[in-house]
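Secondary and tertiary structure notes
Here is what each chain is made of, one letter per residue.
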Amino acid sequence: MKDQELSAKDELRSFLNGQKFGTIMADPPWRFQNRTGKIAPEHKRLARYPTMELSDICNLPVTEHLEDRAHCYLWVPNALLPQGLQVLQSWGFEYKSHIVWEKVRKDGGPDGRGVGFYFRNVTEILLFGTRGKSVRTLSPGRSQVNFISAPEPSETKIAPQGDLLKTRKREHSRKPDEQYDIIEACSWGPFLELFGRGRRKGWTVWGNQAEDDYKPTWKTYAYNSSLTTAPAE
């Protein structure tokens, strides 16, 4: 086994320390490759941070930390849909449905800045899987559409005197905050986020972009990270 795989598995197992969860959401650092095995040309920019091989993601000890009945929400790029389904199964879940995120501009039109070899991608997919029996979504899920229309997360910088300086996209691949409201309404806790980007009350967050004192020794998204992780409050 590769050192990174061992380290990631050990870090996750140590951090969770036997805890079990009813719902997991994950945004893995997928590796894009073309048929030669090299990083795909349209994803050269991904070389700015380390990614994980598919086998490493599949082999994370997620199953050890699941309750008998559980939900999983797994982000996957359009080009890696088969790999996403493989990860979902490796983690002990059966695919049931998915939510589509449409990236929009401020005027509501599709944001065409996405990459893609065949088409310009303006969507990403959030796979949904279940484990166990009696795992239908909670009551709000019966009316929740499987579609999110939202701009890529951004942040606004304000000068000390209160003047607006600029608004820019947050770190690469960050997902819309709307996901949390949907997940918390449609699924039960305890909640676990893997490869997290920040703290959220009521969630246990593992990943080196969350904001607390935990510092994984393996590197993921290190180019824009304080290398910290937050437990649930």
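Everything that follows concerns the structure shown earlier in this document.
What counts and how
- Residues numbered from 1 in each chain as written.
- Predicted model: local features only at pLDDT ≥ 70, side-chain atom pairs only at ≥ 80, totals over all residues.
- Heavy atoms only, no water.
- Helix = DSSP H or I, 4+ residues; strand = E, 2+ residues; numbered from the N terminus.
- Buried < 20%, exposed > 50% of the residue type's maximum accessible area, 1.4 Å probe, protein only.
- Contact = heavy atoms within 4.5 Å.
- Core = buried A, V, L, I, M, F, W, Y, C linked by side-chain atoms within 4.5 Å.
- Phe/Tyr/Trp six-rings, centres within 6.5 Å; stacked < 30°, edge-to-face > 60°.
- Lys NZ or Arg CZ within 6 Å of the ring centre and 35° of its normal.
- Arc of directions from axis to C-beta.
- Pairing = 2+ DSSP bridges.
- Polar contact = N/O pair within 3.5 Å; in protein donor to acceptor, adjacent residues only side chain to side chain.

Some words on the overall build of the protein chain
- When its secondary structure is counted, the protein chain shows 4 helices and 9 strands.
- In the protein chain, buried positions account for 47% of the 233 residues.
- Taking as baseline every contact in the protein chain between residues at least 6 positions apart, the subset at least 24 positions apart corresponds to 67%.

Some thoughts on the nonpolar core
- Residues Leu74, Trp91 and Leu194 are the most contacted members of the largest nonpolar core, which totals 30 residues.
- The set of elements that each furnish at least two residues to this core consists of helix H1 (3-16), strand S1 (21-26), helix H2 (54-58), strand S2 (66-76), helix H3 (81-90), strand S4 (123-131) and strand S8 (191-194).
- Examining the composition of this core, we find that 5 residues originate from one element, S2, more than from any other.
- Not counting the four nearest positions on each side in its chain, Leu74 is found in contact with Ala26, Pro28, Trp30, Gly84, Val87, Leu88, Trp91, Ile125, Leu126 and Leu127.
- Counting residues in each nonpolar core, the second largest holds 16 residues, with Ala150, Ile182, Ile183 and Cys186 among its members.

Considering the packing of aromatic side chains
- Using the criterion set out here, one finds 6 aromatic pairs in the structure.
- The lysine or arginine in question, Lys103, covers the ring of Trp101, its NZ or CZ lying 5.1 Å from the ring centre.

Topic: helix H4 (residues 178-186)
- Turning to H4, its buried residues are Gln179, Tyr180, Ile182, Ile183 and Cys186. Projected down its long axis, H4 shows its buried positions confined to an angular sector of 165°, all on one face.
- Where H4 is buried, its residues touch S1, S2, strand S3 (94-103), strand S5 (147-150), S8 and strand S9 (203-206).

Regarding the pairing of S3
- With 8 bridges joining them, S3 and S4 adopt antiparallel strand pairing. Bridge pairing in S4 places His98 opposite Leu127.

Quick notes on the environment of Trp188
- Considering the arrangement of structural elements, one finds Trp188 in the loop between H4 and S8.
- For Trp188, a relative accessible area of 12% corresponds to the buried category.
- If we ignore the near neighbours within four places in the chain, the residues touching Trp188 are Gly22, Thr23, Arg69, Ala70, His71, Ser134, Val135, Arg136 and Leu138.
- Within the local environment of Trp188, its side chain forms a polar contact with the backbone oxygen of Arg69, the two atoms lying 3.4 Å apart.

A few points about the pairing of S1
- Here S1 lies mainly inside the structure; 6 of its 6 residues are buried.
- Where S1 meets S8, 4 bridges bridge the pair, whose relative direction is parallel. Paired with Met25 across the bridge in S8 is Glu193.

Quick word on unusual backbone geometry
- In this model, Gly189 is joined to Pro190 through a cis peptide bond whose omega is -5°.
- Of note in this structure, Phe195 is not a glycine but carries a positive phi near 60°.
- If you trace the backbone, Phe195 turns up in the loop between S8 and S9.

Description of the side chain of Lys175
- Considering the arrangement of structural elements, one finds Lys175 in the loop between strand S7 (164-169) and H4.
- What makes Lys175 buried here is its relative accessible area of 5%.
- Within the local environment of Lys175, its side chain forms a polar contact with the side chain of Asp27, the two groups lying 3.0 Å apart.
- In this structure the side chain of Lys175 is engaged in a polar contact, spanning 3.4 Å, whose partner is the side chain of Glu124.
- Every residue in contact with Lys175, bar those within four places of it in the chain, is listed here: Asp27, Trp75, Trp101, Glu124 and Pro153.

Comments concerning the environment of Pro28
- If you trace the backbone, Pro28 turns up in the loop between S1 and H2.
- In the structure, Pro28 is positioned 26 residues away from Leu54 in sequence and 9.6 Å away in space, judged by C-alpha atoms.

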